[in-house]
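Summary of structural features
Here is what each chain is made of, one letter per residue.
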Amino acid sequence: GDTVYAFDLALRVTKPRTWPGLGPCQAALRWLERYYCLRGTRFQRFDPLTGQVPPGYPRDLRDYFIPCPGRGHGQGNASWGDAGDRCSEMPFQALVSDDTGRIYAFRGGLSFRLDSRQDGHHAWPLGQTWPGLEGEVDAAFAWDGRTYLIQGSQVSIFLSEQGHRRVLGYPRALQEELGVPSADAAFTCPGSANLYLITGDRVRLVDLTQTPRHAGEPVPLPHDHVDGAMCTDDGVFLFHGPSYHQYPSVAQLLGAQQPAPPQSIATHFFHCHQ
């Protein structure tokens, strides 16, 4: 019916919840941080904690989950133009790899999921993955189970578990949170509390364990400007236009006299054939 049973793994007890707005589900599905209730040929998307359903539902399964002749929502929206085309050479404004290895790219009010090819590498409006967020993301980084999305002089923090949920009290001023007024790009490396904030051709270090946080002295980079930055177990990636530059470590980035050779974002991250 409309009752949901949540099993608490810590207490080993079952807790019933009633979600009347969702209605009976014949099946339920989680896919790429999105949660769906299926009934007949219709489906609804819902919040995994409250059961709330966003506007625009229910929808028809045959237009989304099942490849039926003459039906389908297509890959993206024509009104998005190059921003929604994964293989276009339009610059990305930010990229981030979170603590679970999920990789997201941002441009033009859209976000892409890059680590799972099941997603089709197609665009989603920002608010569908990051509830309540609108506009464009200028920089992004992840630390301690949270993803930080910087927009102009403000930052929003989202919890990574159970979908992305914005922390109460955000957005807040970036100056108060990190000690800088703005940033072109940002990155943290796996297992490290060191945040690197890039503005122009300079990078500043912030120790995220400090309270209050403040940025260190600017250090020169071998780049005049970058659109975005990301660090994974494979090294540091700086993004500029349609290209990225890869460095094995932060130390090698900071010690470089010239930019690393440019490589294609579309080819490497989106598997486009050019």
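- An unreviewed UniProt entry lists the protein under the name HEMO protein, from Chunga burmeisteri.

1. Details of the sheet that holds strand β4 (residues 34-39)
- Ordered in space as β3-β4-β5-β6, the four strands form an open sheet in which the pairing is antiparallel. Among the strands making up the open sheet, the edge pair consists of β3 (27-31) and β6 (59-60).
- Pairing of strand β5 (residues 42-45) with β6, which is carried by two bridges, proceeds in the antiparallel orientation. For R42, the partnering residue across the bridge sits in β6 and is D60.

2. Re the pairing of strand β12 (residues 146-151)
- Where strand β11 (residues 139-143) and β12 come together, five bridges link them in antiparallel fashion. Bridging across to β12, A142 finds its partner in T147.
- As consecutive antiparallel partners, β11 and β12 are separated by two residues, and within that stretch D144 has a phi angle of approximately 55°, a positive value.
- Pairing of β12 with strand β13 (residues 154-159), which is carried by six bridges, proceeds in the antiparallel orientation. Paired with L149 across the bridge in β13 is S156.
- Connecting β12 to the antiparallel partner β13 that follows it, the hairpin turn spans two residues, and G152 within it adopts a positive phi of roughly 60°.

3. Some words on the state of the cysteines
- Using the criterion set out here, one finds three disulfides in the structure.
- Sulfur-sulfur distance for the disulfide between C189 and C231 comes to 2.1 Å. Across the disulfide from C189 to C231, rotation about the S-S bond amounts to roughly 100°, and the bridge is consequently right-handed. Linking C189 in the loop between β16 (185-188) and β17 (194-199) with C231 in strand β20 (residues 228-232), this pair joins segments that are 42 residues apart in sequence. Residue C189 shares its accessibility class with C231, and that shared class is buried.

4. Overview of empty space enclosed by the protein
- The final tally for this structure, using the stated rule, is two cavities of 30 Å³ or more.
- Surrounding the largest cavity, 10 residues form its lining, L32, R34, Y104, R113 and T129 being those nearest its centre.
- Partitioning the lining of the largest cavity into residue classes produces four nonpolar, two polar and four charged.
- Forming the boundary of the second largest cavity are L95, V96, S97, A140, F141, A142, F187, T188, A229, M230 and C231.
- Among the elements of the structure, β7 (94-97), β11, β16 and β20 are those that each provide at least two residues to the lining of the second largest cavity.

5. What about the pattern of salt bridges?
- Counted by the stated rule, this structure contains nine salt bridges.
- Note that K15 and D8 form a salt bridge whose closest N and O atoms lie 3.1 Å from each other.
- Taking relative accessible area as the criterion, K15 reaches 36% and is therefore assigned partly exposed.
- The shortest N-O distance in the salt bridge between E177 and R213 comes to 3.1 Å. Of this pair, E177 sits in helix α2 (residues 174-178) while R213 sits in the loop between β18 (202-207) and β19 (219-220), and the two are 36 residues apart along the sequence. Neither E177 nor R213 differs from the other in exposure class; each is buried.

6. Things to note about the UniProt feature "repeat: Hemopexin" (unreviewed entry) in the protein
- When the UniProt feature table is mapped onto this chain numbering, "repeat: Hemopexin" (unreviewed entry) sits at residues 22-68, 134-181 and 223-272.
- The span residues 22-68 carries 0% helix and 36% strand; its end-to-end C-alpha distance comes to 26 Å.
- Here residues 223-272 runs as 24% helix and 36% strand, with 26 Å between its end C-alpha atoms.

What counts, and at which threshold
Residues numbered from 1 in each chain as written. Predicted model: local features only at pLDDT ≥ 70, side-chain atom pairs only at ≥ 80, totals over all residues. Heavy atoms only, no water. Pairing = 2+ DSSP bridges. Helix = DSSP H or I, 4+ residues; strand = E, 2+ residues; numbered from the N terminus. Disulfide = S-S within 2.5 Å. Buried < 20%, exposed > 50% of the residue type's maximum accessible area, 1.4 Å probe, protein only. 1 Å grid on protein atoms, 1.4 Å probe; cavity = no way out; pocket = protein on both sides within 12 Å on 5 of 7 lines; lining within 4 Å. Points joined across faces, edges and corners; volume = space filled by probe spheres on them. Nonpolar A, V, L, I, M, F, W, Y, C, P; charged D, E, K, R; others polar. Salt bridge = Lys/Arg side-chain N within 4 Å of Asp/Glu carboxyl O. UniProt positions renumbered as here; feature names shortened; annotations may be inferred.

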